[in-house]
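Coordinate inspection notes
What follows is each chain in one-letter form.
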Amino acid sequence: MALQPTILRFDSIDSTNLEAMRQAKDGAPEGLCIVARQQTRGRGRLDRTWESPFDAGLYMSLLLRPQFEMSVWPLITLMAALAVHDALAKTCGLTVDIKWPNDLCWDDRKLCGILAETVETNRGPAAIVGIGINLKTDPGFPMAAEAVSIQSATGAAPNAEDVLNGLLELIANHYQLLETSSGREHLIREWCTHSSYAFGRRVRVALPDENFEGTTRGLESDGALRVETGKGNLRVVRAGDVTGVRSSNIN
Ligand code: BT5
């Protein structure tokens, strides 16, 4: 059955991901979507902070209870990134670049970050998909040179409800793709079409204990990034930070 989101709204909360986790542990069903106008402890990966000023961004977390095998779960982040890409094209006429694994960028600056986490609950393991999208350029927001909002990119502040509704519709659609191998292949192909990082991009990869450079060579079937570090020497990156080291693609 298609995902049926139920939205629960907060004016201010520590983190929509933390709230979704609490609710998941209390037995909340798949489709619960926590939305807040502000986060006081917005979270990125590895305990980083996600800046979340009041009404400047869309801050949401969706609770999923996937029925497919755990080996497919890493594709949830890619599925969400593609849904954001498609939602911004549809609702704002904005084309963004998907950056492996969890960012969406415009003009090489970060417009959206995704934090997918798993949590054990008494109804089995659940996935929380947290999405932060910069809607407006808030004067109080320390918008670093690396960040950008939809307003800066298009010249118009978007309607947050339109973006949210468009996004939930596309997530419901793309989530179903994860159930079959042909759907997953389609998802990865679409992801690659909309990411300048998929093929032939010179990147620097930062792992916890090592950094290296190479050229991207597409994705594995579980969404891991293939990086060629020398002739015929391929490394498969499942977690880490990837930065483009040149703006143009090479082959
Ligand atoms: C992410 O982590 O990009 C995941 C961000 C997920 C945020 C959503 S908001 C709703 C839900 N509830 C949460 O608590 N989180 C999720 P990462 O790849 O680790 O990137 C974090 C880095 O992005 C920070 O260290 C900053 O450099 C940068 N950053 C922080 N806030 C930003 C913003 N608003 N716009 C652009 N970049 C930002």
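Residues numbered from 1 in each chain as written. Predicted model: local features only at pLDDT ≥ 70, side-chain atom pairs only at ≥ 80, totals over all residues. Heavy atoms only, no water.

**Thoughts on the overall build of the protein**
Across its full length, the protein carries five helices and twelve strands. Computed over the C-alpha atoms, the radius of gyration of the protein is 17 Å, within 12% of the 18 Å expected from 2.2 N^0.38 for a compact globule of 251 residues. Counting only C-alpha atoms and orienting by the principal axes, one finds that the protein spans roughly 50 × 45 × 35 Å. Relative to all contacts within the protein whose residues are 6 or more apart in sequence, the contacts with residues 24 or more apart total 62%. Total accessible area on the protein stands at roughly 11,600 Å², and carbon and sulfur atoms take up 48% of it. Placing the 26 positive and 31 negative side-chain charges of the protein at their respective mean positions leaves the two points 4 Å apart. (Helix = DSSP H or I, 4+ residues; strand = E, 2+ residues; numbered from the N terminus. Rg over C-alpha atoms; globule rule 2.2 N^0.38 Å. Contact = heavy atoms within 4.5 Å. Areas by Shrake-Rupley, 256 points an atom, 1.4 Å probe, with all protein chains shown as cover. Lys, Arg positive; Asp, Glu negative; His and termini not counted. Charge placed at Lys NZ, Arg CZ, Asp CG, Glu CD.)

**Digging into the environment of Trp100**
Assignment of secondary structure puts Trp100 in the loop between β4 (97-99) and β5 (103-106). Of the residues examined, Trp100 reaches a relative accessible area of 3% and is grouped as buried. Considering only alpha carbons, one finds Trp100 and Ser196, 96 residues apart in sequence, at a separation of 9.4 Å. In this view, Trp100 contacts Trp191, Tyr197, Leu219, Gly223, Ala224, Leu225, Val237, Arg238, Ala239, Gly240 and Val242; residues no more than four positions away in its chain are not counted. A polar atom in the side chain of Trp100 sits 2.9 Å from the backbone oxygen of Gly223. (Buried < 20%, exposed > 50% of the residue type's maximum accessible area, 1.4 Å probe, protein only. Polar contact = N/O pair within 3.5 Å; in protein donor to acceptor, adjacent residues only side chain to side chain.)

**With respect to the site of the ligand**
In the vicinity of the ligand lie 26 residues, with Ser15, Arg43, Arg48, Lys110 and Asn134 positioned nearest. Contacts to the ligand include Asn17, whose backbone N or O atom sits 3.5 Å from a nitrogen atom. One of the side-chain N or O atoms of Lys110 is found 2.7 Å from an oxygen atom in the ligand. Its free accessible area being 800 Å², the ligand has 87% of it covered by the protein chains. At the level of elements, α1 (16-25), β3 (57-64), β6 (109-121) and β7 (124-134) are the ones that each hand at least two residues to the shell around the ligand. (Near = heavy atom within 4 Å.)

**Examining the sheet that holds β5**
Spatially, seven strands are ordered β1-β2-β3-β7-β6-β5-β4 in an open sheet, and the strand pairing comes out mixed. Looking at the sheet topology across the chains shown, the edges are occupied by β1 (6-10) and β4. Across the sheet, the mean angle from the axis of one strand to that of its neighbour is 20 degrees, orientation sign disregarded. Bridging between β4 and β5 involves three bridges; their strand directions are antiparallel. Pairing of Asp97 across the sheet is with Cys105, part of β5. Helix α2 (residues 75-92) rests against β3, β4, β5, β6 and β7 of the sheet, and its axis sits at about 140 degrees to β6. (Pairing = 2+ DSSP bridges. Axes fitted to C-alpha atoms, helices over the stretch in contact; angles between N-to-C directions.)

**A short note on the sheet that holds strand β11 (residues 233-237)**
Across the sheet, which stays open at both edges, the five strands sit in the order β11-β10-β9-β8-β12 with antiparallel pairing between neighbours. The two strands at the open ends of the sheet, each matched to only one other strand, are β11 and β12 (241-244). Each strand of the sheet is rotated relative to its neighbour by a mean of 45 degrees, with strand direction disregarded. Of the strand pairs in this sheet, strand β9 (residues 210-219) and strand β10 (residues 225-230) are connected by three bridges, and their pairing is antiparallel. Across the sheet, the residue bridging to Thr216 is Val227, located in β10.

**Things to note about the layout of surface pockets**
When its volume is computed, the largest pocket comes out at roughly 790 Å³. If you go around the largest pocket, you meet 41 residues; those closest to its centre are Thr49, Trp50, Asp103, Lys110 and Gly113. Residue assignment for the lining of the largest pocket shows that the elements contributing at least two residues are α1, β3, β5, β6, β7 and β12. At five residues, the largest contribution of residues to the lining of the largest pocket is made by β6. (1 Å grid on protein atoms, 1.4 Å probe; cavity = no way out; pocket = protein on both sides within 12 Å on 5 of 7 lines; lining within 4 Å. Points joined across faces, edges and corners; volume = space filled by probe spheres on them.)

**So, the side chain of Thr215**
Tracing the backbone shows Thr215 in strand β9. For Thr215, a relative accessible area of 7% translates into the label buried. Within polar-contact distance, the side chain of Thr215 engages the side chain of Arg202 at 3.2 Å.

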